[in-house]
Amino acid sequence: MRKLLLSALLAGLIARTAQAADLGLNIEIPRLDVAEYHRPYVAIWLENPDQSVAADLAVWYDVAKKNNEGAEWLKDMRQWWRRSGRNQQFPVDGVSGATRPAGRHELAFAGGGKPLADLKPGRYAVVVEAAREVGGRELVRVPFDWPPAQAEHLSAQGEHELGAIAVNLKP
Amino acid sequence: MKTAIRFAAALALALPAAAHAHDAWMRPSSTVLSGTDSWITVDAAVGNDKFYFNHAPLRLDNLVIVAPDGKPAEAQNQNRGKLRSTFDLQLSQTGTYRIAVVNDGVFARWKQDGQPKRYFGKPDGLAAAVPAQAQELEISQSLGRVETFATAGKPSPLQPVGKGLELVPVTHPNDLYAGETATFQMMLDGKPAAALDVAIVPGGSRYRDQINEIEVTTGQDGKFQVQWPQPGLYWVEARAEDDRTSVPKASKRRLSYSATLEVLQP
C-alpha cells in the first residue's frame, strides 16, 4: 500500500516535472548566394518514434497572401504535409507564422503551455523541414527524451536549406 | 461511312483490350496538393511508352470524374491534339478525385458475301451495323477503365465502382512513397479477382535501358503488394476475360484496367 502511494507520488512528481520542463529551439536559416532568393517555407514539429506527429510547433509560410494563396506550396514540405499539414485547415492558430529571413531564430516553449503540457514522457524528435521556391528541400531531425532529466543541449546541422539546429532542454 | 470508320478506328485506340496493340494512360500534372481551389491539368494518350506522347490521343468522350463527395466533377478546356488529349480540373473540394475514362462497348466481326466486316462501338448500335445475313458472326464485349487520382488536402476514401475490373485501395493511391510497400485489391464486378496478373511499369523509360516492369499476381483475396523502388509515375495494368456478357449473342467479355499512380520521395 505504502509502495503504491509512493509510486503514485513519484508519478505525480514526474508529471509535474514534465510540465515544468522547457524546450528551446534555435533554427538557422542560412544566407545563400543565389540569383533568385525566396525565404523558405519551414515546418517545425515534434515527432513520435513511428514518425506520426506529436505536436506542431511552427509553420512559416506566406500567411499574408490574399485568399490564403500561400497555402498552395505547403505540400512542398512533403514529410510534414503527409504527417500533419494535410489534416489541417490553414492558417492554424498559434502555429502559422510569416516566413523568416536568413539568420538565427529563437523559439521557446514553456512546459506548462501548449503543446508541451500534453506531452507524455517518452522518446521524440524535433523535426525541421524547409522548402524554398526555386530552391531545394531539406529535413533535419534531433531526437530527445521527454521530460529531460537534466539540462541538455542537442544539435544537428543542415546542409543546404537549413543551418545549425539547436535543441535546448531544461528540466 | 468515312466518319464511321474513323470513329471505329479511334474507338479501337481507346479500347486497348480490343485493339491489343497499345496501352492507354493519363498523366496528371500533380497528385498531391495543398491550398484551396487548386487546378491540375491532365494529359491522356495511347501509346506503349509511359508516359511519352508518341502515338495517339486518348478519346475523352467517356471521361468520368468523381469528386470527393461522390458527385460528378466537370473537366475544363478539353482538347484533342495529334499525340495527346488534355483537360483541366479544379479541385474545389478537399479530398480525392477519381479521374477515369471508362469504355463500355462491343466488338463484332463477321463475313458478308465473303468479305470480312467489323464493328466497334456502343452496344445499341450493334443491331443496325450487323446485317441479318452475316456469317461467322463473333461478338465480344469490352469494358475498360483508365484512371488516375488527385488529392487536395487530406486523402478521402474511394468507393469501389463494383463493375468491371478495378483497383480498390488498401493503401491510398495518393499516399505512396518510395521504399514503402503499398497494398491494393483487384476486383472484378465487385468481387476479389484472385490469381490475376498485374503489371507495374515505372515511367521514364527513355532515360534507361530496361523497362523495369514489376510483375505481381493477386492472392485469393485479390490483393497484391508492391514496394516502390523509386519515386515517380507508375502505370498499373491488369486484363481479364470471361463470359459474363450482357449483350445478346456476345460470346465473351474483355476487361481491362489501368491506373497512373504517383510515388513521392519520403
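Residues numbered from 1 in each chain as written. Chains lettered and ligands numbered in written order. Predicted model: local features only at pLDDT ≥ 70, side-chain atom pairs only at ≥ 80, totals over all residues.

Peer 1: Quick rundown of the overall build of chain B? Include the residues and the values.
Peer 2: For chain B, the helix and strand inventory stands at three helices and 18 strands. Whereas a compact globule of 266 residues would reach a radius of gyration of roughly 18 Å, chain B reaches 19 Å, a difference of no more than 12%. The buried share of chain B, reckoned over its 266 residues, is 42%. By sequence separation, contacts in chain B at least 24 residues apart represent 66% of the contacts at least 6 residues apart. (Helix = DSSP H or I, 4+ residues; strand = E, 2+ residues; numbered from the N terminus. Rg over C-alpha atoms; globule rule 2.2 N^0.38 Å. Buried ≥ 20, exposed ≤ 12 C-beta atoms within 10 Å, placed from the backbone. Contact = placed C-beta atoms within 7 Å.)

Peer 1: Give me the lowdown on the overall build of chain A, citing residues and values where you can.
Peer 2: A tally of regular secondary structure across chain A gives two helices and nine strands. Scanning chain A from its N terminus toward the C terminus, one meets helices and strands in the order α-β-β-β-α-β-β-β-β-β-β. Scored against the burial criterion, the 171 residues of chain A give a buried share of 32%. The contacts in chain A between residues at least 6 apart in sequence include a share of 63% that link residues at least 24 apart.

Peer 1: Go over the pairing of strand E1 (residues 22-29) of chain A, please, and point to the residues and values.
Peer 2: Residues and elements named next belong to chain A. Where E1 lies against strand E9 (residues 164-170), six bridges are found, and the strand directions are antiparallel. Bridge assignment links Gly 24 to a residue of E9, and that residue is Asn 168. Note that E1 and strand E5 (residues 103-109) share seven bridges and pair antiparallel. Along E5, the bridge assignment pairs Ile 29 with Gly 103. (Pairing = 2+ DSSP bridges.)

Peer 1: Talk me through the nonpolar core; I want residue IDs and the actual numbers.
Peer 2: In terms of nonpolar packing, the biggest core is built from 52 residues, with Ile 99, Met 186, Tyr 234 and Val 236 of chain B touching the most fellow members. Beyond its immediate stretch of four places on either side in the chain, Met 186 of chain B contacts Leu 165, Leu 167, Ala 193, Leu 196, Val 198, Thr 218, Gly 222, Phe 224 and Ala 238 of chain B. Among the nonpolar cores identified, the runner-up in size contains 37 residues, and Ala 43, Leu 116, Val 140 and Leu 162 of chain A belong to it. (Core = buried A, V, L, I, M, F, W, Y, C linked by C-beta atoms within 7 Å.)

Peer 1: Tell me what's going on with the interface of chain A and chain B, and back it up with residues and numbers.
Peer 2: Interfaces are often described in size by the accessible area the parts lose on coming together. Counting residues at the interface gives 13 residues for chain A, matched by 10 residues for chain B. Counted by class, the side of chain A that touches chain B contains four nonpolar, four polar and five charged residues. (Nonpolar A, V, L, I, M, F, W, Y, C, P; charged D, E, K, R; others polar.)

Peer 1: Let's hear about the sheet that holds E1 of chain A: which residues, and what values?
Peer 2: All names here are of chain A. Reading across from one edge, E5-E1-E9-E8 is the order of the four strands in this open sheet, with antiparallel pairing throughout. In this open sheet, the two edge strands, each paired with only one partner strand, are E5 and strand E8 (152-157). Sheet twist, expressed as the average angle between the axes of neighbouring strands with direction ignored, equals 15°. Relative to E9, E8 runs antiparallel, the two sharing six bridges. Across the sheet, residue Glu 152 finds its bridge partner in E9, namely Leu 169. (Axes fitted to C-alpha atoms, helices over the stretch in contact; angles between N-to-C directions.)

Peer 1: Can you break down the environment of Arg 208 of chain B residue by residue, with the values?
Peer 2: Residues and elements named next belong to chain B. Position of Arg 208 relative to the elements: it lies in the loop between strand E14 (197-202) and strand E15 (214-217). Taking the number of C-beta atoms within 10 Å as the measure of exposure, Arg 208 has 9 and is therefore exposed. Sequence spacing of Arg 208 and Glu 147 is 61 residues, and the spatial spacing of their C-alpha atoms is 26 Å.

Peer 1: Tell me about the sheet that holds strand E7 (residues 137-146) of chain A, residues and numbers included.
Peer 2: Residue and element names in this part refer to chain A. In space, the five strands of this open sheet follow the order E4-E3-E2-E6-E7, with mixed pairing throughout. One side of each edge strand has no neighbouring strand; the edge strands of this open sheet are strand E4 (96-97) and E7. Inspection of the sheet shows strand E3 (residues 53-60) paired to E4 by two bridges, in the parallel sense. Bridge assignment links Trp 60 to a residue of E4, and that residue is Gly 97.

Peer 1: Describe the pairing of E9 of chain A, and please don't skip the residues or the numbers.
Peer 2: A one-sided burial pattern is seen for E9 of chain A, the buried positions being Ile 165, Val 167 and Leu 169 of chain A and the unburied ones Ala 164, Ala 166, Asn 168 and Lys 170 of chain A. The loop that links E8 of chain A with its antiparallel partner E9 of chain A comprises six residues.

Peer 1: Give me the environment of Arg 83 of chain A: which residues, what numbers.
Peer 2: Residues and elements named next belong to chain A. Mapped onto the elements of the fold, Arg 83 is located in helix H2 (residues 78-83). Residue classification places Arg 83 among the buried residues on the basis of 20 C-beta atoms within 10 Å. Linking Arg 83 and Val 53, residues 30 residues apart in sequence, is a C-alpha distance of 6.2 Å. Residue contacts for Arg 83: discarding those within four places in its chain leaves Gln 51, Ser 52 and Val 53.

Peer 1: Give me the confidence of the model for chain B: which residues, what numbers.
Peer 2: Residues and elements named next belong to chain B. Residues of chain B with pLDDT of at least 70 account for 92%, and the chain-wide mean is 91. Note on residues 1-20: pLDDT under 50 across the span, and 37 contacts to partners over four residues away in sequence or across chains. The ipTM, which scores confidence in the relative placement of chains, is 0.84 for this predicted complex, and the corresponding pTM is 0.88. (pLDDT = per-residue confidence, 0-100.)

Peer 1: Give me the lowdown on the environment of Ala 240 of chain B, citing residues and values where you can.
Peer 2: Residues and elements named next belong to chain B. Counting through the fold element by element, Ala 240 comes out in strand E17 (residues 232-242). Ala 240 sits in the partly exposed class, given 18 other C-beta atoms within 10 Å. Considering only alpha carbons, one finds Ala 240 and Arg 254, 14 residues apart in sequence, at a separation of 6.1 Å. If we skip the residues at most four places from it in the chain, Ala 240 touches Leu 165, Leu 188, Ala 193, Leu 196 and Leu 255.

Peer 1: How would you summarise unusual backbone geometry if you had to cite specific residues and measurements?
Peer 2: Trp 146 of chain A connects to Pro 147 of chain A through a cis peptide bond whose omega is 0°. Between Lys 50 of chain B and the following residue, Phe 51 of chain B, the backbone shows a cis peptide bond with an omega angle of 0°. Its place among the elements puts Phe 51 of chain B in the loop between strand E3 (38-46) and strand E4 (56-57). Positive phi, close to 50°, is recorded for Val 134 of chain A, a residue that is not glycine.

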